[in-house]
Amino acid sequence: MTPKEDDPLAVLISSDAKATDRKKLAELLEPYMVIDQDSKEFSFHPQFHDITGNDRKMEILLAGAKARSLYFQLPDGLLPGEVIAAGLMPVGSVKSSLKRLFDNHKIKKDKEGRYFLPPHRINELAKNVSE
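Residues numbered from 1 in each chain as written. Predicted model: local features only at pLDDT ≥ 70, side-chain atom pairs only at ≥ 80, totals over all residues. Heavy atoms only, no water.

A. The nonpolar core, seen in detail. Counting residues in each nonpolar core, the largest one holds 29 residues, and the members touching the most others are Leu-28, Leu-29, Met-58, Ile-60 and Leu-61. Going through the elements one at a time, helix 1 (22-29), strand 2 (42-44), helix 3 (54-72), helix 5 (91-103) and helix 6 (121-130) are the ones with two or more residues in this core. Take this core: its biggest share by element is seven residues, from helix 3. (Core = buried A, V, L, I, M, F, W, Y, C linked by side-chain atoms within 4.5 Å. Buried < 20%, exposed > 50% of the residue type's maximum accessible area, 1.4 Å probe, protein only. Helix = DSSP H or I, 4+ residues; strand = E, 2+ residues; numbered from the N terminus.)

Printed below as a string of structure tokens:
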């Protein structure tokens, strides 16, 4: 059966149901970081270090990984070792923050062990950060 364009349900159909709101993602991240064009590494603005709570910092970092993956066509997410190497928080804080966010279904983990922020969390995170 072929879908009909005049069907009211057609507005619910998408070829990319997991699409990320790229504009919202850019607005969320712009105060906190930039991504180096050549090295693809994150560089953090002073506002990032002012964020209260390691979980929120982790979510912003994983949002940055999502932006990097979308722009440069790289795998989404970060391995725990990559987060630790960024030196943004102590090793124990990285592990406990990732575990807490994962256990609370705030982030997901792929089969390679990379933690990533699901696309539907972008708007929620942007709203929470602006409060």
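Structure's up, so let's keep going.
B. Quick look at the packing of aromatic side chains. If you walk through the whole model with that rule in mind, you get four aromatic pairs. Where Phe-44 meets Phe-48, the ring centres are 4.5 Å apart and the plane angle is 35 degrees; that geometry is what we call tilted. One exposure class covers both Phe-44 and Phe-48, and it is buried. Taking the centre distance of 6.1 Å and the plane angle of 85 degrees together, the rings of Phe-102 and Tyr-115 count as edge-to-face. Separated by 13 residues along the polypeptide, Phe-102 in helix 5 and Tyr-115 in strand 4 (residues 115-116) bring together distant segments of the chain. Since its relative accessible area comes to 35%, Phe-102 is described here as partly exposed. Here Tyr-115 falls in the buried class, since its relative accessible area comes to 11%. An aromatic cluster of three or more residues is present, and its members are Phe-42, Phe-44 and Phe-48. Lying across the ring of Phe-72, Lys-40 places its NZ or CZ 4.6 Å from the centre. Directly above the aromatic system of Phe-102 lies the positively charged group of Lys-109, at a separation of 5.6 Å from the ring centroid. (Phe/Tyr/Trp six-rings, centres within 6.5 Å; stacked < 30°, edge-to-face > 60°. Lys NZ or Arg CZ within 6 Å of the ring centre and 35° of its normal.)

C. Spotlight on helix 1. Those residues of helix 1 that fall on the buried side of the exposure criterion are Leu-25, Leu-28 and Leu-29. Buried residues in helix 1, looked at end-on, bunch into an arc of 85 degrees, giving them a common side. For helix 1, the capping residue at the N-terminal end is Asp-21, with a side-chain oxygen 3.3 Å from the backbone nitrogen of Lys-23. (Arc of directions from axis to C-beta. Polar contact = N/O pair within 3.5 Å; in protein donor to acceptor, adjacent residues only side chain to side chain.)

D. Summary view of the packing of helix 1 against helix 3. Direction vectors running N to C along helix 1 and helix 3 enclose 135 degrees, while the axes themselves pass 10 Å from each other. Here helix 1 lies oblique to helix 3, going by the angle between them. In the packing of helix 1 onto helix 3, the handedness of the crossing is left-handed. In contact with Arg-22, Leu-25, Leu-28 and Leu-29 of helix 1, helix 3 contributes Ile-60, Ala-63, Gly-64, Lys-66, Ala-67, Leu-70 and Tyr-71. Taken together, the residues of the contact of helix 1 with helix 3 break down into eight nonpolar, one polar and two charged. (Axes fitted to C-alpha atoms, helices over the stretch in contact; angles between N-to-C directions. Parallel < 35°, antiparallel > 145°, perpendicular 65-115°, else oblique. Left-handed = near helix turned anticlockwise from the far one by under 90°. Contact = heavy atoms within 4.5 Å. Nonpolar A, V, L, I, M, F, W, Y, C, P; charged D, E, K, R; others polar.)

E. Looking closely at the packing of helix 3 against helix 5. Taken N-terminus to C-terminus, the directions of helix 3 and helix 5 make an angle of 80 degrees; their axes are 9 Å apart at the nearest point. As summarised for this structure, helix 3 and helix 5 are arranged roughly perpendicular, according to the angle between their axes. On the side of helix 3, the interface is formed by Asn-54, Asp-55, Met-58 and Glu-59, while helix 5 contributes Ser-93, Val-94, Ser-97, Leu-98, Arg-100 and Leu-101. Here the residues of the contact of helix 3 with helix 5 sort into four nonpolar, three polar and three charged.

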